[in-house]
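So the chains spell out like this:
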Amino acid sequence: MLVIIDGDCAFCQWASKLLGKLCRPGLEIIPLAGVSPDVLDIWSSEAHWTVDSIKVISEGKLYIKSQAIAEVMRTARWFAQPLRLFFLLPEAWLDRGYDWVARNRKSQACELPL
(Lines give C-alpha, C1' and ligand atoms only; values in the text may rest on other atoms or scores of the structure.)
Protein backbone atom coordinates (compact mmCIF):
# COMPACT_ATOMS: atom_id res chain seq x y z
CA MET A 1 0.00 0.00 0.00
CA LEU A 2 1.39 3.36 -1.06
CA VAL A 3 0.37 6.48 0.90
CA ILE A 4 1.14 9.83 -0.74
CA ILE A 5 1.07 12.97 1.41
CA ASP A 6 1.77 16.68 1.12
CA GLY A 7 5.44 16.68 2.08
CA ASP A 8 5.47 20.42 2.79
CA CYS A 9 2.88 20.23 5.57
CA ALA A 10 4.00 19.50 9.12
CA PHE A 11 0.49 18.32 10.05
CA CYS A 12 0.52 15.84 7.16
CA GLN A 13 3.93 14.54 8.22
CA TRP A 14 2.76 14.22 11.83
CA ALA A 15 -0.45 12.43 10.80
CA SER A 16 1.47 10.03 8.55
CA LYS A 17 3.80 9.15 11.41
CA LEU A 18 0.74 8.47 13.57
CA LEU A 19 -0.71 6.22 10.87
CA GLY A 20 2.63 4.43 10.69
CA LYS A 21 2.39 3.67 14.42
CA LEU A 22 -1.26 2.62 14.30
CA CYS A 23 -0.92 0.32 11.30
CA ARG A 24 0.92 -2.91 10.67
CA PRO A 25 4.26 -2.74 8.85
CA GLY A 26 4.05 -2.46 5.09
CA LEU A 27 2.79 1.07 4.57
CA GLU A 28 5.00 3.04 2.23
CA ILE A 29 4.46 6.72 3.04
CA ILE A 30 6.03 9.22 0.64
CA PRO A 31 5.64 12.92 -0.16
CA LEU A 32 3.96 13.85 -3.44
CA ALA A 33 7.29 15.23 -4.70
CA GLY A 34 8.85 11.80 -4.15
CA VAL A 35 6.44 9.84 -6.33
CA SER A 36 8.30 7.75 -8.88
CA PRO A 37 7.85 8.36 -12.62
CA ASP A 38 6.39 4.84 -12.93
CA VAL A 39 3.62 5.65 -10.45
CA LEU A 40 2.98 8.99 -12.14
CA ASP A 41 2.70 7.32 -15.55
CA ILE A 42 0.06 4.94 -14.24
CA TRP A 43 -1.99 7.22 -12.00
CA SER A 44 -1.62 10.86 -13.10
CA SER A 45 -4.34 10.48 -15.76
CA GLU A 46 -6.82 9.31 -13.09
CA ALA A 47 -9.43 12.03 -12.41
CA HIS A 48 -8.90 11.87 -8.63
CA TRP A 49 -5.14 12.35 -8.94
CA THR A 50 -5.47 16.15 -9.23
CA VAL A 51 -7.53 16.47 -6.02
CA ASP A 52 -5.54 18.11 -3.21
CA SER A 53 -5.78 15.18 -0.82
CA ILE A 54 -3.93 12.28 0.71
CA LYS A 55 -3.71 9.59 -1.94
CA VAL A 56 -3.60 5.88 -1.26
CA ILE A 57 -2.87 3.28 -3.90
CA SER A 58 -3.94 -0.14 -2.77
CA GLU A 59 -4.79 -3.29 -4.73
CA GLY A 60 -4.85 -1.42 -8.03
CA LYS A 61 -7.17 1.36 -6.87
CA LEU A 62 -6.64 5.03 -6.05
CA TYR A 63 -8.34 6.37 -2.92
CA ILE A 64 -8.58 10.00 -1.78
CA LYS A 65 -9.88 11.94 1.23
CA SER A 66 -11.79 9.91 3.84
CA GLN A 67 -11.77 6.76 1.70
CA ALA A 68 -7.96 6.92 1.64
CA ILE A 69 -7.84 7.07 5.44
CA ALA A 70 -10.39 4.25 5.67
CA GLU A 71 -8.29 2.10 3.33
CA VAL A 72 -5.17 2.70 5.43
CA MET A 73 -7.07 1.90 8.62
CA ARG A 74 -7.88 -1.55 7.21
CA THR A 75 -4.25 -2.33 8.12
CA ALA A 76 -4.58 -0.96 11.67
CA ARG A 77 -3.17 -2.99 14.53
CA TRP A 78 -5.66 -4.63 16.89
CA PHE A 79 -5.70 -1.75 19.40
CA ALA A 80 -6.61 0.78 16.69
CA GLN A 81 -9.33 -1.32 15.03
CA PRO A 82 -12.16 0.40 16.98
CA LEU A 83 -11.28 3.63 15.15
CA ARG A 84 -12.61 2.03 11.97
CA LEU A 85 -16.15 2.39 13.36
CA PHE A 86 -15.81 6.09 12.57
CA PHE A 87 -15.92 5.19 8.86
CA LEU A 88 -19.46 3.86 9.17
CA LEU A 89 -20.58 7.50 8.96
CA PRO A 90 -21.71 8.68 5.52
CA GLU A 91 -18.82 9.34 3.16
CA ALA A 92 -20.13 12.86 2.42
CA TRP A 93 -19.86 13.77 6.12
CA LEU A 94 -16.41 12.26 6.41
CA ASP A 95 -15.22 14.11 3.29
CA ARG A 96 -16.58 17.40 4.66
CA GLY A 97 -14.60 16.79 7.84
CA TYR A 98 -11.52 15.93 5.79
CA ASP A 99 -11.93 19.12 3.73
CA TRP A 100 -12.26 21.22 6.90
CA VAL A 101 -9.04 19.78 8.33
CA ALA A 102 -7.30 20.24 4.96
CA ARG A 103 -8.33 23.91 4.78
CA ASN A 104 -7.11 24.59 8.31
CA ARG A 105 -3.96 22.43 8.39
CA LYS A 106 -1.70 25.31 7.40
CA SER A 107 -2.65 27.24 10.55
CA GLN A 108 -1.34 26.69 14.07
CA ALA A 109 -2.09 22.98 13.89
CA CYS A 110 0.58 22.69 11.23
CA GLU A 111 3.21 23.59 13.80
CA LEU A 112 2.91 20.31 15.68
CA PRO A 113 6.15 18.89 17.04
CA LEU A 114 7.39 15.96 15.00
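Note on numbering: residues in each chain are counted from 1, in written sequence order. Reporting in this predicted model follows two pLDDT cut-offs: at least 70 for local features of residues, and 80 or more for side-chain atom pairs to be given and counted; totals over whole chains, interfaces and linings ignore these cut-offs and use all residues. To obtain the side-chain values, all non-hydrogen atoms of the structure were included, while hydrogens and water were left out.

Re the environment of S53
- The way it works is that DSSP assigns letters per residue, a run of H or I at least four long becomes a helix, a run of E at least two long becomes a strand, and they are numbered from the N terminus. Here S53 shows up in the loop between α2 (37-43) and β3 (55-58).
- Residue classification places S53 among the buried residues on the basis of a relative accessible area of 10%.
- Note: C-alpha distance between S53 and D41 (twelve residues apart in sequence) is 19 Å.
- Excluding its chain neighbours within four sequence positions, the residues that come into contact with S53 are I4, I64, K65 and Y98.
- At a separation of 2.7 Å, a polar atom in the side chain of S53 contacts the main-chain amide nitrogen of K65. Relative accessibility decides the category of a residue: with a 1.4 Å probe and only protein chains considered, values under 20% of the type maximum give buried, values over 50% give exposed, and everything between is partly exposed. Any two residues whose heavy atoms approach within 4.5 Å at even a single point are treated as in contact. Polar contact is defined as a pair of N or O atoms within 3.5 Å, subject to the rule that within protein one atom must be able to donate a hydrogen and the other to accept it, and that residues adjacent in sequence are counted only when both atoms are side-chain atoms.

Brief notes about the sheet that holds β3
- Strand order across the open sheet formed by four strands is β2-β1-β3-β4, with mixed pairing between neighbours. Since the sheet does not close on itself, it has two edges, and those belong to β2 (28-31) and β4 (61-64), each with one partner. For this sheet the average axis-to-axis angle between neighbouring strands, irrespective of direction, equals 20°.
- The pairing of strand β1 (residues 2-5) with β2 spans four bridges and is parallel. Bridged to I5 within β2 is P31.
- Contacts between helix α3 (residues 65-73) and the sheet are confined to β1, β3 and β4, with β4 contributing the most and set at about 115° to the helix. When DSSP finds two or more bridges between a pair of strands, those strands are recorded as paired. The axes are straight lines fitted to the C-alpha atoms, using for helices just the contacting stretch, and the angles between their N-to-C directions are given from 0 to 180°.

Regarding the packing of α3 against helix α4 (residues 91-104)
- Packing of α3 against α4 brings their axes to within 7 Å, and their N-to-C directions diverge by 100°. In terms of orientation, α3 and α4 fall into the roughly perpendicular class. Counting all contacts with α3, which are made through K65, S66 and Q67, the residues of α4 involved are E91, L94, D95, Y98 and D99.
- The class makeup of the residues in the contact of α3 with α4 is two nonpolar, two polar and four charged. Roughly parallel means an angle under 35 degrees; roughly antiparallel means over 145; roughly perpendicular covers 65 to 115; every other angle is labelled oblique. Each residue is assigned to one of three groups, with Ala, Val, Leu, Ile, Met, Phe, Trp, Tyr, Cys and Pro labelled nonpolar, Asp, Glu, Lys and Arg labelled charged, and all others, Gly among them, labelled polar.

Some thoughts on α4
- How far a helix is expected to stretch is found by multiplying one less than its residue total by 1.5 Å. Taking 1.5 Å of rise per residue, 14 residues should cover 20 Å, and α4 covers 20 Å from first to last C-alpha, within 8% of that figure.
- Listed as buried for α4 are L94, D95 and Y98. Buried residues in α4, looked at end-on, bunch into an arc of 95°, giving them a common side. Seen from the open side of α4, the exposed residues pointing more than 90 degrees away from its buried face are W93, R96, W100 and R103.
- In this fold, the buried residues of α4 make contact with α3. Along the arc lie the directions from the helix axis toward the C-beta atoms.

A few points about the packing of aromatic side chains
- For Phe, Tyr and Trp, rings pair up if their centres lie within 6.5 Å, where Trp contributes its six-membered ring, and each pair is then called stacked (planes under 30 degrees apart), edge-to-face (over 60) or tilted (otherwise). Scanning the model with the defined rule gives three aromatic pairs in all.
- Ring centres of F86 and F87 lie 5.7 Å apart, and the angle between their planes is 85°; on these two criteria the pair is classed as edge-to-face.
- Under the relative-accessibility criterion, F87 is labelled partly exposed at 22%.
- Between K55 and the ring centre of W49, over which it is positioned, the NZ or CZ distance is 5.6 Å. Remark: a charge is flagged as sitting over a ring if the NZ atom of Lys or the CZ atom of Arg is within 6 Å of the ring centre and within 35 degrees of the ring normal.

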